Amino acid sequence: MKNKVIVTGGTGYIGSHTAVELIADGFDVVIIDNLYNSDITVLDGIQAITGIKPRFYDYDICDRIKLNEVFIAEGKVDAIIHFAAYKAVGESVRKPLEYYRNNLVSLMNLLEMMEQHGTSALVFSSSCTVYGQPDTLPVTESSPVREAVSPYGYTKQIGEIIIRDAMAARQMQKAISLRYFNPIGAHPTAYIGELPHGVPENLVPFITQTAIGLRDELRVFGNDYNTPDGSCIRDYLHVVDLAKAHVVALKRLLEGQNKANYEVFNLGMGKGVSVLEAIAAFERATGEKVRYSVTARRPGDIEKIWADPSLANRELKWKTEITLDEAMETAWRWEKKIRNK
Ligand code: NAD
Ligand code: WQD
């Protein structure tokens, strides 16, 4: 019998890539997503890659009654991967209560369902945002969690604490929080990728939209930081590498290889890349030019951060395999596909 996993937010960017890797690994995948930030056609993309269309529930995870219906309809659910959340940092400052409600009520509902329906394993989407600007780099999992710069960041910090405390009180359940650094790129088939609504906040969709002519120019937010070229440094990793980490994390829990019933892992390439280097990588990988100008710093941006992924390398036997240039090339392939170019 296949292990059954509920993927919340499974038509979203990272969730859809993870659904593909889970199906490829033999999991029975059930997606719950209210399509707030994704499109139903993503299911066709998943099917085009894997040959299987996951069962899908267009439900809000904050709705406990609907959520309970899914667990009743599905019978035994072995595990949950919880991606569903609002994720726009700037918007969260303007709409804090919506962010706290959506990101935390959904998580608490799922933790209650796990208890009620005997689901033993949870993998949670956390973020490097929990570290703020670390004093020492690269950041390990034991680096201090810092004051968040946004309600979004707090939802991840509080989410981790809620899971930690719930697991401490429960014998039969276990969870892993995965702290993603900066996921980029798209599936190499270009059947699925990132679908930002409106003007993208993130760097790589802005680069690809500028290169395709949708935006006049990219603004590089500051070149006066204390970094070699003055622009901010991040740890970009390909979304398929990130998706694969979820499969190994889930198997660790289901096969009982975990060392504690709550664990945390950084997921990154372990390499810092500046904004200007990211633009250069895109141009090198695609042969396209990106128009850009340097503007003021973006409020709330941290100067530099990159991961020490050695715990995940060692314990999950996972490491990134896709290079920055390859990642940029897949992002470009996806941009051209969705613009019919
Ligand atoms: P995404 O917006 O593409 O996917 C999230 C999905 O969740 C969307 O399809 C949305 O419709 C759905 N959703 C949101 N609230 C819901 C609700 N109440 N009920 C049902 N569905 C709901 O985002 P993503 O980039 O794939 O991010 C996935 C997770 O990873 C999020 O938790 C995000 O905070 C976290 N994360 C993302 C990044 C990043 O840079 N993309 C980095 C670190 C962490
Ligand atoms: C990357 C770099 C910008 C756009 C965000 C969230 C974080 C996590 C990942 C979820 C920065 C620069 C960007 C542009 C630019 N998400 N930039 N011009 O800020 O590292 O992290 O996504 O958990 O919580 O805050 O990612 O892609 O927005 O920016 O110069 O138009 O690109 O200043 O240095 P960020 P990003």
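Residues numbered from 1 in each chain as written. Chains lettered and ligands numbered in written order. Predicted model: local features only at pLDDT ≥ 70, side-chain atom pairs only at ≥ 80, totals over all residues. Heavy atoms only, no water.

**Looking at the pairing of strand β4 (residues 79-82)**
Phase 1 of the analysis: Going residue by residue along β4, you find A79 and I81 tucked away on one face and I80 and H82 tucked away on the opposite face as well.
Phase 2 of the analysis: The pairing of strand β1 (residues 4-8) with β4 spans 4 bridges and is parallel. Note that in β4 the partner of V7 across the bridge is I81.
Phase 3 of the analysis: The pairing of β4 with strand β5 (residues 121-127) spans 4 bridges and is classified as parallel. Across the sheet, the residue bridging to I81 is V123, located in β5. (Buried < 20%, exposed > 50% of the residue type's maximum accessible area, 1.4 Å probe, protein only. Helix = DSSP H or I, 4+ residues; strand = E, 2+ residues; numbered from the N terminus. Pairing = 2+ DSSP bridges.)

**Quick look at the site of ligand 2**
Phase 1 of the analysis: Taken together, 19 residues lie around ligand 2, and S127, Y152, R219, R234 and D301 are the ones closest in.
Phase 2 of the analysis: Within the backbone of F221, a nitrogen or oxygen atom sits 3.0 Å from an oxygen atom of ligand 2.
Phase 3 of the analysis: Between D301 and ligand 2, the recorded distance is 2.5 Å, taken from a side-chain N or O atom to an oxygen atom.
Phase 4 of the analysis: Coverage of ligand 2 by the protein chains reaches 87% of its 680 Å² of free accessible surface.
Phase 5 of the analysis: Listing elements by their share of the shell around ligand 2, those giving two or more residues are α7 (203-211) and β8 (218-221).
Phase 6 of the analysis: When residues in the shell around ligand 2 are grouped by element, the largest group, 4 residues, is from β8.
Phase 7 of the analysis: Residues that form the shell around ligand 2 fall into these classes: 10 nonpolar, 4 polar and 5 charged. (Near = heavy atom within 4 Å. Polar contact = N/O pair within 3.5 Å; in protein donor to acceptor, adjacent residues only side chain to side chain. Areas by Shrake-Rupley, 256 points an atom, 1.4 Å probe, with all protein chains shown as cover. Nonpolar A, V, L, I, M, F, W, Y, C, P; charged D, E, K, R; others polar.)

**Details of the site of ligand 1**
Phase 1 of the analysis: Not every one of the 27 residues close to ligand 1 is listed here, only the nearest: D33, N37, S38, N102 and Y152.
Phase 2 of the analysis: At 2.8 Å, a side-chain N or O of D60 approaches a nitrogen atom of ligand 1.
Phase 3 of the analysis: Its free accessible area being 830 Å², ligand 1 has 95% of it covered by the protein chains.
Phase 4 of the analysis: Breaking the shell around ligand 1 down by element, the ones donating at least two residues are α1 (13-24), β5 and α6 (151-168).

**Topic: the side chain of H82**
Phase 1 of the analysis: Looking at the secondary structure, you find H82 in strand β4.
Phase 2 of the analysis: Separated by 2.6 Å, the side chains of H82 and T8 make a polar contact.
Phase 3 of the analysis: Of note is the side chain of H82, whose polar atom sits 3.5 Å from the side chain of S106.
Phase 4 of the analysis: Dropping the residues within four chain positions of it, H82 is found in contact with T8, S106, L107, L110, L122, V123, F124 and S125. (Contact = heavy atoms within 4.5 Å.)

**Some thoughts on the packing of aromatic side chains**
Phase 1 of the analysis: Summed over the entire model, instances satisfying the criterion amount to 5 aromatic pairs.
Phase 2 of the analysis: Pairing Y57 with Y59 gives two aromatic rings, centres 5.7 Å apart and planes at 50°, and the pair type is tilted. We note that Y57, like Y59, is buried.
Phase 3 of the analysis: Joined through ring pairs, the aromatic side chains of Y36, Y86 and Y99 make up one cluster.
Phase 4 of the analysis: Sitting over the ring of Y225, R297 keeps its end group 3.9 Å from the ring centre. (Phe/Tyr/Trp six-rings, centres within 6.5 Å; stacked < 30°, edge-to-face > 60°. Lys NZ or Arg CZ within 6 Å of the ring centre and 35° of its normal.)

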